[in-house]
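# Secondary and tertiary structure notes
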Amino acid sequence: MSNTWPLSRGTVPEREAFALGATLLFVLFAGDAVPNTLTWYGAAVLWAAVAAWGITVLVRARPSIARTPRSLWFFLAWCLVSVLWSHWRAATLASITAQVICAAVAFAVASTLTWRRILDAISLAMRWVLMLSLVFEAVVAVLVRHPIAPIWTHYGNRKIPDAFYFSRAELLTGGRIQGLPGNANLLAMVALLAVIAVALQFAEGRIRRNRAIGWLAVAVLVLLLTRSSTVLVAGVVVAVALVVALWIRRVPTEDRTPRYAAVAGAAVVVAAVAFLARGALSELLGKGTDATGRGDIWERVLGLIHHHPVVGWGWIGYWWPSIPTLADVAHRKGVTYLQAHDAFLDVWMQTGIIGLVLFAVYVVSTLSRSWSCATRIGYDTRLEPRPFDPVSLLPLLVVVALLVQSIAESRLLYQGNWVLFALLAIKSRIVLVGEEPPSVGDGPRTPPARREFRWSASR
């Protein structure tokens, strides 16, 4: 079926565009499951196939680049320019190529799907990752009964750090499960994104009550089994952002100044208290006073920044283990971590203060548009206010979740987080949720008056 909107879809069928979006997000958020089961060669083939599919969709759709965030392209351009002084030029060229391809595929999805279908694609991808993660962990815990390593490794009988295992077989022992991503924190973020997407689908009437409750229960179960402090904090901040956005939206635009002032004042107080009590809060979350070794990593990354503060060492995204300068930065319990564990520190180290400013503009402008999506009151063709659509909260809640995670992880710069953030950044620049015309490609939607999960006024 072809969609009436977006107009830029061209000859791309709506079903193909949706399949691309869901497949793209699933493959990327499945994380280490791809190389751990297919080897790095097989993973490269799969990633290349998805990228080629995305590029063909982009070519056929022929969307206009005029209404895309310039801040994204300026940042990528600066990353490319950094090859001139990069200390790892081959890695810079390879990394920026992958970065641009990922942004292009995100552009293809943003240009060919409506906001509601993007919501559906996110929900479908995250639910599949959660379901397969639980099945995988159950098989390892019940049938295999011992930790398993990635298929491409050959450790023999050597004792290796726990972080090297694909799964530690801890589903039934009370430990933290890792699922398909191979990392408890990353699986927890998938669960949080699933909670956001399924809850919004439920509010939109795009998913039945029992099915929504079932998937929300699965997502909460995964959150409990992963016990990620970072995602716990992200969930709290997302909940606060949701409450504040709905509170602001309840009053007309011209009457919002007092509420914005109150929110700003409360934010300053909370930020000050959090900063002063950061050590105690970190201990409370079980991270220790140095945030589980991150403090030492941050200190070493700041040491690298001191050598090239203006233009950086050269873009690389995810650190390559073959580069001694980076491989020697973050060691903990026998494991070499290939990131700064903070997206903004990573950008500063790689692209200097200039790149950091460009990246900050990209992030802040995306957050601003996401806030507008959640709080702006839309109008129909008769200039009458449109009813509130829960999907308008999608960009804000997902962007906030990804940004909170970026304080402790550098995932915002690559893989699923980079693509999802770019997808929302581009789509919110093309059209805000409240300004998007209705589309026949959005699929069936239960009218609010007939939703089984809502109490009618007569009851």
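Below or above, wherever it landed, is the structure these notes cover. (Residues numbered from 1 in each chain as written. Predicted model: local features only at pLDDT ≥ 70, side-chain atom pairs only at ≥ 80, totals over all residues. Heavy atoms only, no water.)

### Describing the overall build of the chain
Counting secondary structure elements, the chain contains 15 helices and two strands. Relative to its 459 residues, the chain shows a buried fraction of 50%. With the model as given, the accessible surface of the chain reaches about 21500 Å², and the carbon-plus-sulfur share is 67%. (Helix = DSSP H or I, 4+ residues; strand = E, 2+ residues; numbered from the N terminus. Buried < 20%, exposed > 50% of the residue type's maximum accessible area, 1.4 Å probe, protein only. Areas by Shrake-Rupley, 256 points an atom, 1.4 Å probe, with all protein chains shown as cover.)

### Focus on unusual backbone geometry
The phi torsion at R62 lies on the positive side, around 50°, for a residue other than glycine. Judged by its relative accessible area of 69%, R62 is exposed. Its identity as a non-glycine residue notwithstanding, A169 has a phi of 55°, on the positive side. A relative accessible area of 13% places A169 in the buried class.

### Here's the deal with the side chain of T112
The topology assignment puts T112 in helix 4 (residues 89-112). Overall, the relative accessible area of 0% leaves T112 in the buried class. Within the structure, the side chain of T112 is placed 2.7 Å from the backbone oxygen of A108, a separation counted as a polar contact. (Polar contact = N/O pair within 3.5 Å; in protein donor to acceptor, adjacent residues only side chain to side chain.)

### A look at the nonpolar core
Among the nonpolar cores identified, the biggest contains 96 residues, and Y362 and L420 are the most heavily contacted of them. Considering each element in turn, this core owes the most residues, 11 residues, to helix 6 (residues 184-204). In contact with Y362, not counting residues within four places along its chain, are S71, L72, W418, F421, A422 and A425. Listed in part, the 17 residues of the second largest apolar core include I297, A330, L338 and M349. (Core = buried A, V, L, I, M, F, W, Y, C linked by side-chain atoms within 4.5 Å. Contact = heavy atoms within 4.5 Å.)

### Observations concerning the packing of aromatic side chains
Per the counting criterion, the structure on display carries 12 aromatic pairs. Clustering of aromatic rings is evident, with ring pairs tying together F75, W315, F344, F359, Y362, W418 and F421. Sitting above the plane of the F18 ring, R117 keeps its charged end 4.0 Å from the centroid. (Phe/Tyr/Trp six-rings, centres within 6.5 Å; stacked < 30°, edge-to-face > 60°. Lys NZ or Arg CZ within 6 Å of the ring centre and 35° of its normal.)

### A word on helix 14 (residues 394-406)
Relative to the 18 Å expected for 13 residues at 1.5 Å per residue, helix 14 spans 18 Å between its end C-alpha atoms, a close match to the ideal helical length. Most of helix 14 sits out of view: 13 of its 13 residues are buried. (Expected span 1.5 Å × (residues − 1).)

### Details of the environment of A30
Relative to the assigned elements, A30 resides in the loop between helix 1 (14-29) and helix 2 (33-61). A relative accessible area of 4% means that A30 is categorised as buried. Each C-alpha atom of the pair A30 and G416 lies 8.6 Å from the other, and the pair is 386 residues apart in sequence. Not counting chain neighbours up to four residues away, the residues in contact with A30 comprise V129, L180 and P181.

### Some points on the packing of helix 1 against helix 4
In contact at an axis separation of 9 Å, helix 1 and helix 4 are set at 135° when each is read in the N-to-C sense. Here helix 1 is positioned oblique relative to helix 4, judged by the angle of their axes. Note that helix 1 runs across helix 4; the crossing there is left-handed. Across the interface between the two elements, A17, L20, G21 and L24 from helix 1 touch V105, V109 and T112 from helix 4. Residue classes in the contact of helix 1 with helix 4 are distributed as five nonpolar, two polar and no charged. (Axes fitted to C-alpha atoms, helices over the stretch in contact; angles between N-to-C directions. Parallel < 35°, antiparallel > 145°, perpendicular 65-115°, else oblique. Left-handed = near helix turned anticlockwise from the far one by under 90°. Nonpolar A, V, L, I, M, F, W, Y, C, P; charged D, E, K, R; others polar.)

### Describing the packing of helix 8 (residues 229-249) against helix 13 (residues 343-375)
At a minimum axis separation of 9 Å, helix 8 and helix 13 run at an interaxial angle of 55°. When the interaxial angle is binned, helix 8 and helix 13 end up oblique. Pair helix 8 / helix 13 crosses with right-handed handedness. Mapping the contact onto sequence places A241, V244, A245, I248 and R249 in helix 8 and W371, C373, A374 and T375 in helix 13.

### Some details on a nonpolar patch on the surface
A contiguous nonpolar patch, built from V135, V139, V142, L143, V144 and L172 and spanning about 530 Å² of accessible area, is present on the exposed surface. Residue position: V139 is located in helix 5 (residues 115-144). By relative accessible area, which is 37% here, V139 ends up partly exposed. (Patch = residues over 30% accessible without salt bridge, like charges linked within 9 Å, V, L, I, M, F, W, Y side chains within 5 Å. Salt bridge = Lys/Arg side-chain N within 4 Å of Asp/Glu carboxyl O.)

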